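# Reading the structure
Listed below are the residues making up each chain.
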Amino acid sequence: MFQGCYGGSQKHVADLDIVLKRAWQQGLQKIIITAGCLKDVDEALELTAKDERLYATVGTHPTRCDEFLPDPEGYYDQLRSKIESNPSKVLAIGECGLDYDRLKFCGQETQRLYFEKQLSLAAEFRLPLFLHMRNAHSDFMAILGRNRDKLKECGGGVVHSFTGTLEEAHSILAFGGLYIGVNGCSLKTEENAEVVRQLPNDRIMLETDCPWCGIRSSHVGHKHVSTKFPTVKKKEKWTAESLIDGRCEPCQISQVLEAIAGIKQEPKEKLAEIYYQNTLDVFFSRTGKTRTE
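None of these values were measured; they are calculated from a predicted model.

## With respect to the side chain of Asp209
- By the secondary structure assignment, Asp209 is in the loop between β9 (204-206) and β10 (231-232).
- Put simply, Asp209 is tucked away with no salt bridge, and the nearest opposite charge, on Arg134, sits 6.2 Å away.
- For Asp209, the residues in contact, after removing those within four places along its chain, are His160, Ser161 and Asn183.

Printed below as a string of structure tokens:
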């Protein structure tokens, strides 16, 4: 989408440079590009080489785990090689986990097998996890639980784009070292908002998951958003000064903050400091300049 292409159709010029410039102007200091397969990893690492503020994850999304099947060890070794070759840019293993809402893309057994397989990467490289979980809480926690010892040195992680119940959130937080990632998809309903309201601030991370998961006008969290951006409805009406309705951008992370602050009735400035520090603690606290600067 940031190349102007939607569903295989070119709608406007590539604008990733403009999108990133808008993000930096909005106050972002670092961006983590999440990969979901080997091809994604290559593209993410290529992007990170262009800006010292860009970092990447390495892993395979649950809906893409069929990519392991033709040569499981070969595929795993390629993931491993990407991490080993880019120690200053790879901050986490993922996006990995389980997604039982989209089994048409990959079956449960394959998802479970290769989610667990990727935990070995986190253990070997002592990298935190960027986790995905949809409608699979029991199996998700069971896999993490039986690998608890292996994951002790990986530095925790985040269960991103959380849309689960409060009970599920408590279970994740009780595991130890895991945080809850909140974006527009986490702020759709009254039930979502109540979960977010009760989450402890020291275990929340902000995210956009762009180009997905923006805060739509129909979302409960939208009424708390004060930061507005010029926006065009149709992709063909793109301008360099405007966002496109339905395509989320990194700059909109400020809207996620505002929504959470409104739901919790707490100052957004205070929450911004806490959530930013949470992210630094997990993803940028490794020794060496490349992890902290």
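After presenting the structure, the write-up continues.
## Let's talk about the packing of helix α4 (residues 108-125) against helix α5 (residues 137-146)
- Relative to each other, α4 and α5 sit at 35°, their axes nearing to 10 Å. Crossing of α4 over α5 shows right-handed handedness. Along its contact with α4, which presents Arg112, Phe115, Glu116 and Leu119, the element α5 presents Asp139, Phe140, Ile143, Leu144 and Arg146.
- For the contact of α4 with α5, a count of residues per class yields five nonpolar, no polar and four charged.

## A look at the sheet that holds β9
- One open sheet holds the seven strands; their spatial order is β3-β4-β5-β6-β7-β8-β9, and the pairing between them is parallel. In this open sheet, the two edge strands, each paired with only one partner strand, are β3 (31-33) and β9. Each strand of the sheet is rotated relative to its neighbour by a mean of 35°, with strand direction disregarded.
- Across six bridges, the pairing between strand β5 (residues 90-99) and strand β6 (residues 129-134) is parallel. Counted as the bridge partner of Leu98 is Met133 from β6.
- Of the strands in this sheet, β8 (178-182) and β9 touch helix α8 (residues 253-264), which is tilted by about 140° from β9.

## Considering empty space enclosed by the protein
- Tallied over the entire structure, the rule returns two cavities of 30 Å³ or more.
- Size it by volume and the largest cavity reaches roughly 40 Å³.
- Lining the largest cavity, in full, are Phe162, Thr163, Gly164, Val182, Ser186, Asn192, Val195 and Val196.
- Tallied by class, the residues present in the lining of the largest cavity amount to four nonpolar, four polar and no charged.
- Size it by volume and the second largest cavity reaches roughly 30 Å³.
- What lines the second largest cavity is Gly184, Glu207, Thr208, Cys213, Gly214, Ile215, Cys248, Gln252, Gln255 and Val256.
- Residue classes in the lining of the second largest cavity are distributed as four nonpolar, five polar and one charged.

## Observations regarding the state of the cysteines
- Applying the stated rule across the entire model yields one disulfide.
- A sulfur-sulfur distance of 2.5 Å marks the disulfide that ties Cys185 to Cys213. Residues Cys185 and Cys213 are joined by a disulfide whose S-S torsion is about -90°; by sign, that bridge is left-handed. Linking Cys185 in the loop between β8 and α7 (190-198) with Cys213 in the loop between β9 and β10, this pair joins segments that are 28 residues apart in sequence.
- Relative accessible area serves as the criterion here: at 14%, Cys185 is assigned to the buried category.
- Distance from the sulfur of Cys5, which forms no disulfide, to the nearest cysteine sulfur (Cys37) is 16 Å.
- Looking at Cys251, it has no disulfide partner, and the nearest cysteine sulfur is the one in Cys248, 7.7 Å off.
- With a relative accessible area of 0%, Cys251 lands in the buried category.

## Quick word on the packing of aromatic side chains
- Scanning the model with the defined rule gives four aromatic pairs in all.
- Ring plane angle 80° and centroid distance 5.1 Å describe the contact between Tyr55 and Phe284, whose orientation is recorded as edge-to-face. Of the two residues, Tyr55 sits in strand β4 (residues 54-58) while Phe284 sits in the loop between α9 (268-283) and α10 (289-292), which places them 229 residues apart along the sequence. The pair formed by Tyr55 and Phe284 is uniform in burial state, with each residue classed as buried.
- The interplanar angle of 5° and the centroid separation of 4.3 Å between the aromatic rings of Phe68 and Tyr114 together place this pair among those described as stacked. Taken together, the residues Phe68 in the loop between β4 and α3 (72-85) and Tyr114 in helix α4 connect sequence positions 46 residues apart.
- The positively charged end of Lys30 is found above the aromatic ring belonging to Phe284, 5.1 Å away from the centroid.
- Cation over ring: Lys235 sits above Tyr6, and NZ or CZ is 5.1 Å from the ring centre.

## Section: the confidence of the model for the chain
- Summary statistics for the chain give a mean pLDDT of 96 and a share of 98% for residues scoring 70 or more.
- Throughout residues 287-293 the model reports pLDDT below 50, and contacts reaching past four residues in sequence, or to other chains, amount to 14 contacts.

## Details of helix α6 (residues 166-175)
- Where α6 is concerned, the buried positions are Leu166, Ala169, Ile172, Leu173 and Phe175.
- Against the buried residues of α6 lie β6, α5, β7 (157-159), β8 and α7.
- Gly176 sits one or two residues past α6 and shows a positive phi near 100°.

Cut-off values and rules
Residues numbered from 1 in each chain as written. Predicted model: local features only at pLDDT ≥ 70, side-chain atom pairs only at ≥ 80, totals over all residues. Heavy atoms only, no water. Helix = DSSP H or I, 4+ residues; strand = E, 2+ residues; numbered from the N terminus. Buried < 20%, exposed > 50% of the residue type's maximum accessible area, 1.4 Å probe, protein only. Lys, Arg positive; Asp, Glu negative; His and termini not counted. Salt bridge = Lys/Arg side-chain N within 4 Å of Asp/Glu carboxyl O. Contact = heavy atoms within 4.5 Å. Axes fitted to C-alpha atoms, helices over the stretch in contact; angles between N-to-C directions. Left-handed = near helix turned anticlockwise from the far one by under 90°. Nonpolar A, V, L, I, M, F, W, Y, C, P; charged D, E, K, R; others polar. Pairing = 2+ DSSP bridges. 1 Å grid on protein atoms, 1.4 Å probe; cavity = no way out; pocket = protein on both sides within 12 Å on 5 of 7 lines; lining within 4 Å. Points joined across faces, edges and corners; volume = space filled by probe spheres on them. Disulfide = S-S within 2.5 Å. Phe/Tyr/Trp six-rings, centres within 6.5 Å; stacked < 30°, edge-to-face > 60°. Lys NZ or Arg CZ within 6 Å of the ring centre and 35° of its normal. pLDDT = per-residue confidence, 0-100.

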